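Observations on the three-dimensional arrangement
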Amino acid sequence: MTPAMTHHITHHLPEPMLADYAAGRLGHAFSVAVAAHVSLCDECRARLAAHEAAGGAVLETLPPEPVSDDLMARVMARLDDPAAAPPEPPAPSSIFPGPVMAALKGRPPRWRSLGMGIRQSLLHAGKDGSLRLLYIPPGRAVPDHGHEGRELTLVLQGAFHDETGHFGVGDIEVADASLEHTPVADEGTPCICLAATDAPLRFRALVPRLLQPIFRI
Ligand SMILES: [Zn+2]
């Protein structure tokens, strides 16, 4: 275990989300956020392993499909082909775990100002939701916002607090559409978070709604 993984994590993933992740039912943005938390959290990694084992047990109860010799030969040939092997995931940087580095394609974040010193680096925006890094200066509030869908916020550096609690490195907040919250970065270190949504955000104060298509937030 590396020192980067010794954070005391108190906010974890809910069981149904781990089950959805294990079954491949989450969109890209949520999958990256879940994988990033799991990479930092021993507890959720163990719970995920249990889900994956349970999923495997279900598969084992299914009657075996007959596999043609031809298919088997092609599978074996592909396993022998080094070009067919998936690329190694990028090594975790000091604050970005492997799944975030993969979403960054190994490059540094490209920060864009949202005003008030707050910056974002958009990693993914699609019909299944959006994934971005947020940079919040010490003591600064992210404007009050609600969301149409669910929002996952994983702390990668610093800490923030809102109406629901305090979140440090490795903690993940799961907010549903009913939560209107105002995250405020702790004093000291700037807070950097990975934020994933399964629907477009609707900001109340910082950016007028008309500008949302431009910023794709
Ligand atoms: Zn956890």
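Heads up: these notes are all about the structure in this document. (Residues numbered from 1 in each chain as written. Predicted model: local features only at pLDDT ≥ 70, side-chain atom pairs only at ≥ 80, totals over all residues. Heavy atoms only, no water.)

**Things to note about the packing of helix 1 (residues 15–22) against helix 2 (residues 28–40)**
Describing two packed helices takes the angle between their axes plus the distance from one axis to the other. For clarity, the threshold we go by: Angles shown run from 0 to 180 degrees and are taken between the N-to-C directions of axes, each axis being a line fitted to C-alpha atoms and, for helices, limited to the stretch in contact. Only DSSP runs of H or I covering at least 4 residues are called helices, and only runs of E covering at least 2 are called strands; the numbering of each starts at the N terminus. Under this scheme an angle from 65 to 115 degrees is roughly perpendicular, one under 35 degrees roughly parallel, and one over 145 degrees roughly antiparallel; angles in between are oblique. Note on contacts: a residue pair qualifies if any of its non-hydrogen atoms lie within 4.5 Å across the two residues.
At a closest axis distance of 11 Å, the pairing of helix 1 and helix 2 adopts a crossing angle of 110°. When the interaxial angle is binned, helix 1 and helix 2 end up roughly perpendicular. Contacts from Met17, Leu18 and Tyr21 in helix 1 reach Phe30, Ser31, Val34, Ala35 and Val38 in helix 2.

**Some thoughts on the pattern of salt bridges**
Applicable threshold: For this analysis, a salt bridge means a side-chain nitrogen from Lys or Arg found within 4 Å of a carboxyl oxygen belonging to Asp or Glu. A 1.4 Å probe rolled over the protein chains alone gives each residue an accessible area, and that area as a share of the maximum for its type sets the label: buried under 20%, exposed over 50%, partly exposed in between.
Summed over all chains, the structure comprises four salt bridges. A salt bridge links Asp42 to Arg45; the nearest nitrogen and oxygen atoms lie 2.3 Å apart. Here Asp42 and its partner Arg45 are both found in helix 3 (residues 42–61), three residues apart, which amounts to about one turn of the helix. Asp42 gets classed as partly exposed once you look at its relative accessible area, which sits at 36%.

**Some points on the coordination of the zinc ion**
Our working rule: Donor atoms (N, O, S) are those found within 2.8 Å of the metal centre, with the cutoff raised to 3.2 Å for Na, K and Ca; water is not part of the atom list, so apparent gaps in a site can occur. Every geometry call rests on angle ranges, with four donors termed tetrahedral when all angles are between 85 and 135 degrees, four termed square planar and six termed octahedral when opposite donors are over 155 degrees apart and all others are between 65 and 115, and everything else termed irregular.
For the zinc ion, the full set of protein donor atoms is His12 (ND1), His37 (NE2), Cys41 (SG) and Cys44 (SG), at a range of 2.1 to 2.3 Å. Each of the four donor atoms around the zinc ion contributes to a set of angles spanning 93 to 129°, which defines the coordination as tetrahedral. Counting gaps between the donor residues of the zinc ion yields the pattern H-x24-H-x3-C-x2-C. Placement of His12 in the segment before helix 1 and of Cys44 in helix 3 is noted, with a sequence separation of 32 residues between them.

**Re the environment of Leu48**
On the secondary structure map, Leu48 appears in helix 3. Residue Leu48 is classed as buried on the basis of its relative accessible area, which comes to 6%. Sequence-wise, Leu48 and Ala22 are 26 residues apart; in three dimensions their C-alpha atoms are separated by 6.8 Å. Among residues more than four places away in sequence, those in contact with Leu48 are Leu18, Tyr21, Ala22 and Val38.

**Some points on helix 2**
Our working definition: Multiplying 1.5 Å by the residue count of a helix minus one yields the expected span of that helix.
When the terminal C-alpha atoms of helix 2 are compared, their 19 Å separation across 13 residues agrees well with the 18 Å that a helix rising 1.5 Å per residue should span. Within helix 2, 12 of the 13 residues are buried, which leaves the element mostly enclosed by the surrounding structure.

**Comments concerning the sheet that holds strand 1 (residues 112–115)**
Operational definition: The criterion for strand pairing is that DSSP finds at least two bridges linking the strands in question.
Strand order in this open sheet of six strands is 1-2-3-10-5-8, and the pairing throughout is antiparallel. For this open sheet the edge positions go to strand 1 and strand 8 (172–175), each flanked by a neighbour on one side alone. Shown here is a sheet whose adjacent strand axes are inclined to one another by a mean of 25°, direction ignored.

**Digging into the packing of aromatic side chains**
Our working rule: Aromatic rings from Phe, Tyr and Trp, taking only the six-membered ring of Trp, are treated as a pair when their centres fall within 6.5 Å; an angle between ring planes under 30 degrees marks them as stacked, one over 60 as edge-to-face, and anything in between as tilted. Two conditions define a charge located above a ring, namely a distance within 6 Å from the ring centre to NZ of Lys or CZ of Arg, and an angle within 35 degrees of the ring normal.
If you walk through the whole model with that rule in mind, you get two aromatic pairs. Between Trp111 and Tyr135, the ring centres sit 5.9 Å apart and the planes meet at 65°, which makes this aromatic pair edge-to-face. On the criterion of sequence distance, the pair formed by Trp111 in the loop between helix 5 (98–103) and strand 1 and Tyr135 in strand 3 (residues 129–136) is long-range, its members being 24 residues apart. Classification of Trp111 as partly exposed rests on a relative accessible area of 23%. Seen from their ring centres, Phe160 and Phe167 are 4.9 Å apart, and the 15° between their planes marks the pair as stacked. You can call Phe167 buried: its relative accessible area is 3%. Across the ring face of Tyr135, the terminal group of Arg119 is positioned such that the distance to the ring centre comes to 4.2 Å.

Keep in mind that these numbers describe shape and distance, not what the molecule does.
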